[in-house]
Amino acid sequence: MFAAERRQLILEMVRANGAVSLRELARVVQTSEVTVRRDVRALEAEGLLDRRHGGAVLPGGFTRESGFPQKSHLATAEKTAIADLAASLVEEGEAVVVGAGTTTQELARRLARIPGLTVVTNSLLVAQALAHANRVEVVMTGGTLRGSNYALVGSGAEQSLHGLRVSRAFLSGSGLTAERGLSTSNMLSASVDRALVQAAAEVVVLADHTKLGTDTMFQTVPTDVITRLVTDDPPAHDDRAATELQALADQGVQITVAGAAGSGSGGDAAAPPGHRPRRDTALPGQRRTHGGGGPGPQALRSAGALAEQPGERARVADLRRR
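Every value quoted in this text rests on a predicted model; they were computed, and no experiment measured them.

> In this structure, what is going on with the overall build of the protein? I would like to understand it.
When helices and strands are counted, the protein shows ten helices and 15 strands. Scored against the burial criterion, the 322 residues of the protein give a buried share of 54%. Contacts spanning at least 24 positions in sequence make up 68% of the contacts within the protein whose residues lie at least 6 apart. About 13400 Å² of surface is accessible on the protein, with carbon and sulfur atoms providing 50% of the total.

Right, dumping it as structure tokens:
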């Protein structure tokens, strides 16, 4: 394929999806990521698209949000690996909250295999993935349906979360930086995500490498509130992603990398400069738990009355060394 043909195809993909990772572009045009990066730079110089960490977006894409059909086709392999690893953090009988997103939808499909769970969510897609799960109770928030991502938002959703107390929250977003934490481009979605965070003792962020270093309009979870990040292994040449991971680790976020080659050491030691966090590595130390106050144990019936069950563990266990 000639360079002009490649670049036209790249431009069409970005226009159709709003944002596309370099991995996906390289796969579609059947060339290396180095070549795709060169093409993206050329298109950016012409003002046809903007480069973002690990990918390309439409000009002015800082605040643009792709709809669910577009997001569902982006970084699918990475989302699958992240969901597999995140599901291994959940134990039988837990109560968790799961936010809206294509990565959290993948997580929900795996949670369906864990008996005794109670899952609170504002996502219709998460609820649908769990609808026929055996011995998994699904609690939906109230709220107004936001059609672009099939999520319930607004004051109804936030009010239904008052008094909720669970072991951990699983959230995704549009971008993640060490400076601002997790962010999204929609104000209503950000507000509900903050309410979900207040209900949880620990916060687990699911974000593929293309979101690392990306910042969007509305902050949802500050870095100092994030307990753990589950992400995929960035490309070897992606120094920006490695730098962002190290910056997050330096601020106390435990980094768990899906699909990484080799194994990391356990314990609480921080990684040395330039080290790429590997799978099963907690960096640097265990973060103290976070969550808003809530009532004592009571029956699990609705999001407004859900409480932590007696004996339920609210601690993320460090993954065992491979």
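From this point on, the discussion continues.
> What should I look at first to understand the nonpolar core in this one?
Nonpolar side chains in soluble globular proteins tend to be buried together. Membership of the largest hydrophobic core comes to 35 residues, with the highest contact counts inside it found for Leu176, Val205, Val221, Leu229, Leu248 and Ile255. Those elements that place two or more of their residues in this core are strand E4 (95-98), strand E9 (166-171), helix H9 (187-198), strand E12 (200-206), helix H10 (239-250) and strand E15 (254-258). Excluding its chain neighbours within four sequence positions, the residues that come into contact with Val205 are Leu171, Leu176, Leu182, Ile226, Arg228, Leu229 and Val230. Leu85, Ala86, Phe170 and Val230 belong to the second-largest nonpolar core, a separate cluster that totals 24 residues.

> Explain the packing of helix H2 (residues 22-29) against helix H3 (residues 33-45) to me, please; I cannot follow it from the model alone.
Geometry of a packed helix pair, given as the angle between the helix axes and the separation of the axes. Packing of H2 against H3 brings their axes to within 9 Å, and their N-to-C directions diverge by 105°. Compared by their axis directions, H2 and H3 come out roughly perpendicular. Mapping the contact onto sequence places Leu22, Arg23, Leu25, Ala26 and Val29 in H2 and Glu33, Val36, Arg37 and Val40 in H3. Here the residues of the contact of H2 with H3 are counted per class, giving six nonpolar, no polar and three charged.

> What is the right way to look at the sheet that holds strand E10 (residues 175-177) in this model?
Strands in a sheet are paired, the pairing made by backbone hydrogen bonds, and the direction either parallel or antiparallel. Reading across the sheet, the three strands line up as E10-E11-E13 and stay open at both edges, with antiparallel pairing between neighbours. Two strands close off the open sheet at either side, each with one partner strand: E10 and strand E13 (218-221). Geometrically, the sheet is characterised by an average inter-axis angle of 40° between neighbouring strands, direction not taken into account. The pairing of strand E11 (residues 181-184) with E13 spans three bridges and is classified as antiparallel. Residue Thr184 lies in a different strand from E13, and its bridge partner there is Phe218.

> I keep staring at H2 and nothing clicks. Help me out?
Residue pairs spaced three or four apart in an α-helix point in one direction, given the helix's 3.6 residues per turn. Taken residue by residue, H2 has Leu22, Glu24, Leu25, Ala26 and Val29 as its buried positions. Once H2 ends, the next one or two residues include Gln30, with phi positive near 60°.

> What's the story with a nonpolar patch on the surface in this structure? I'm lost.
A cluster of nonpolar side chains, contributed by Leu124, Met140, Leu145 and Tyr150, occupies part of the molecular surface with about 320 Å² of accessible area. In this fold, Tyr150 is placed in the loop between strand E7 (144-146) and strand E8 (151-153). Looking at Tyr150, the relative accessible area reads 35%, which means it is partly exposed.

> How should I be thinking about the environment of Ala258 in this particular structure?
Here Ala258 is to be found in strand E15. Spatially, the C-alpha atoms of Ala258 and Asp84 are 8.2 Å apart, while their sequence positions differ by 174 residues. Aside from chain neighbours lying at most four places away, what touches Ala258 is Ala81, Ile82, Leu85, Thr231, Asp232 and Asp233.

> Could you clarify how one ought to interpret the pairing of E9 in this entry?
Put simply, side chains in a regular strand alternate between the two faces of the sheet. Taken across its six residues, E9 has six buried, putting it largely inside the fold. Sheet topology places E9 next to E12; five bridges connect them, and they run parallel. Looking at E12, one finds that Ala169 is bridged to Val203.

> Just checking my understanding: could you explain the sheet that holds strand E2 (residues 50-52) for this structure?
Spatial ordering of the open sheet is given by E1-E3-E2, a layout of three strands whose pairing is antiparallel. Only two strands of the sheet have a single partner each, and these edge strands are strand E1 (19-21) and E2. Taken over all neighbouring pairs, the strand axes of this sheet differ in orientation by 25° on average, direction set aside. Looking at chain direction, E2 and strand E3 (residues 55-57) are connected through three bridges and run antiparallel. In the strand pairing of E3, Arg51 is matched with Ala56. Packing against the sheet, H2 makes contact with E1 and E3, and its axis sits at approximately 80° to E1.

Thresholds, definitions, all that
Residues numbered from 1 in each chain as written. Predicted model: local features only at pLDDT ≥ 70, side-chain atom pairs only at ≥ 80, totals over all residues. Heavy atoms only, no water. Helix = DSSP H or I, 4+ residues; strand = E, 2+ residues; numbered from the N terminus. Buried < 20%, exposed > 50% of the residue type's maximum accessible area, 1.4 Å probe, protein only. Contact = heavy atoms within 4.5 Å. Areas by Shrake-Rupley, 256 points an atom, 1.4 Å probe, with all protein chains shown as cover. Core = buried A, V, L, I, M, F, W, Y, C linked by side-chain atoms within 4.5 Å. Axes fitted to C-alpha atoms, helices over the stretch in contact; angles between N-to-C directions. Parallel < 35°, antiparallel > 145°, perpendicular 65-115°, else oblique. Nonpolar A, V, L, I, M, F, W, Y, C, P; charged D, E, K, R; others polar. Pairing = 2+ DSSP bridges. Patch = residues over 30% accessible without salt bridge, like charges linked within 9 Å, V, L, I, M, F, W, Y side chains within 5 Å. Salt bridge = Lys/Arg side-chain N within 4 Å of Asp/Glu carboxyl O.

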